[in-house]
Amino acid sequence: MDWAGWAVFGLVATAALTAAMIAAQLAGLTRLDLPLVLGTLVTEDPDRARVVGFFVHLVAGQGFALGYAAAFAVLDRATWWVGALFGGLHVAIALTVLLPLLPGVHPRMASPRAGPSSTAVLEPPGLFALNYGVQTPAVAVVVHVIYGVVLGLLLRAP
């Protein structure tokens, strides 16, 4: 496994995922803005939040890339299709566990039970992030599979 390359390849894969997510958002396929969601964990200002959130997303992408690299090493196989499978597993956990739990820890996100007195500025994503649009789950699956494919192609076993 190319342990020295995981950092560079993690950045490449995260950049590909982020670019595809932003393109989908600009095309009107989803309202999910991961840099905004992540950045508003630390700041209220939406412009600053997007910048901070972009870097938080890059760091998280590096962490996930390390996990993918470790899994490829355990399997002694790094291929595009194994990466795609990992991307599918990754997005399944994100859409069914991580995003639905986010309102419980996010200081600026409403909970699904928030009433009219809520001052939260972000709506909760809900299961499969459907609150951000009916195409959001499909977009999330595609971009995470791209992430896995990129890592599978670039993180070759020796």
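The numbering scheme is per chain: residues are counted from 1 as the chain's sequence reads. Thresholds applied to this predicted model are a pLDDT of at least 70 for local features of residues and 80 or more for the giving and counting of side-chain atom pairs; totals over whole chains, interfaces and linings are not thresholded and use all residues. Excluding hydrogens and water, the side-chain values take into account all heavy atoms of the structure.

Thoughts on the overall build of the protein
Only runs of H or I of at least four residues qualify as helices and only runs of E of at least two qualify as strands under DSSP, and these elements are numbered from the N terminus. Of the regular secondary structure elements, the protein holds five helices and zero strands. What you see in the protein, going N to C, is helices and strands ordered as α-α-α-α-α. C-alpha atoms define the radius of gyration in this analysis, and the globule rule sets the expected value at 2.2 Å times the number of residues to the power 0.38. Taking 15 Å as the expected radius of gyration for a compact globule of 158 residues, we find that the protein reaches 16 Å, a close match to that expectation. Summarising its shape, the C-alpha atoms of the protein cover approximately 60 × 30 × 30 Å along the three principal directions.

Concerning the packing of helix H3 (residues 46-75) against helix H5 (residues 136-154)
With their axes 11 Å apart at the nearest point, H3 and H5 run at an angle of 55° to one another. It follows from the interaxial angle that H3 and H5 lie oblique. As H3 packs across H5, the resulting crossing turns out to be right-handed. On the side of H3, the interface is formed by Gly61, Phe64, Ala65, Tyr68 and Phe72, while H5 contributes Tyr147, Gly148, Leu151 and Gly152. Just so you know the grouping, Ala, Val, Leu, Ile, Met, Phe, Trp, Tyr, Cys and Pro go in nonpolar, Asp, Glu, Lys and Arg go in charged, and all remaining residues, Gly too, go in polar. Class assignment of the residues belonging to the contact of H3 with H5 gives a composition of six nonpolar, three polar and no charged. Axis geometry follows a simple rule: fit a line to the C-alpha atoms, using only the stretch in contact for helices, then measure angles between N-to-C directions, giving values from 0 to 180 degrees. In what follows, roughly perpendicular refers to angles from 65 to 115 degrees, roughly parallel to angles under 35, roughly antiparallel to angles over 145, and oblique to any angle outside these ranges. Definitions for this section: a left-handed crossing has its near helix turned counterclockwise from the far helix by less than a right angle. A right-handed crossing has that turn clockwise. Should any heavy atoms of two residues lie within 4.5 Å, those residues are considered in contact.

A word on the environment of Val150
Position of Val150 among the secondary structure elements: in helix H5. You can call Val150 buried: its relative accessible area is 19%. For the exposure calls, accessible area comes from a 1.4 Å probe over protein chains only, and a residue counts as buried if that area is under 20% of its type's maximum, exposed if over 50%, partly exposed in between.

Some remarks on H3
Under the 1.5 Å per step criterion, the end-to-end length of H3 is 42 Å for 30 residues, consistent within 8% with the ideal 44 Å. Considered for burial, the residues of H3 that qualify are Ala49, Gly53, His57, Leu58, Gly61, Gln62, Ala65, Tyr68, Ala69 and Phe72. For H3, the elements touching its buried residues are helix H1 (6-26), helix H2 (34-39), helix H4 (80-101) and H5. N-cap assignment for H3: the residue whose side-chain oxygen lies 3.1 Å from the backbone N of Asp47 is Asp45. Take the residue count of a helix, subtract one, and multiply by 1.5 Å to get its expected span. The definition of a polar contact used here is a pair of N or O atoms within 3.5 Å, where within protein one atom must be able to donate a hydrogen and the other to accept one, and adjacent residues in sequence count solely through side-chain atom pairs.

Here's the deal with unusual backbone geometry
The backbone phi angle of Asp76 is positive, close to 55°, even though this residue is not glycine. Despite not being glycine, Phe128 shows a phi value in the positive range, around 60°. By relative accessible area, which is 35% here, Phe128 ends up partly exposed.

Description of the packing of aromatic side chains
Stacked, edge-to-face and tilted labels apply to pairs of Phe, Tyr and Trp rings (six-membered ring for Trp) whose centres lie within 6.5 Å, assigned for plane angles under 30 degrees, over 60, and everything in between, in that order. Summed over all chains, the structure comprises five aromatic pairs. Centroid distance Tyr68 to Phe86: 5.8 Å. Interplanar angle 85°. Geometry classified as edge-to-face. Here Tyr68, found in helix H3, pairs with Phe86, found in helix H4; they are 18 residues apart in sequence, far enough to count as distant. Judged by centre distance (5.3 Å) and plane angle (35°), the rings of Phe72 and Phe86 are tilted. Taken together, the residues Phe72 in helix H3 and Phe86 in helix H4 connect sequence positions 14 residues apart.

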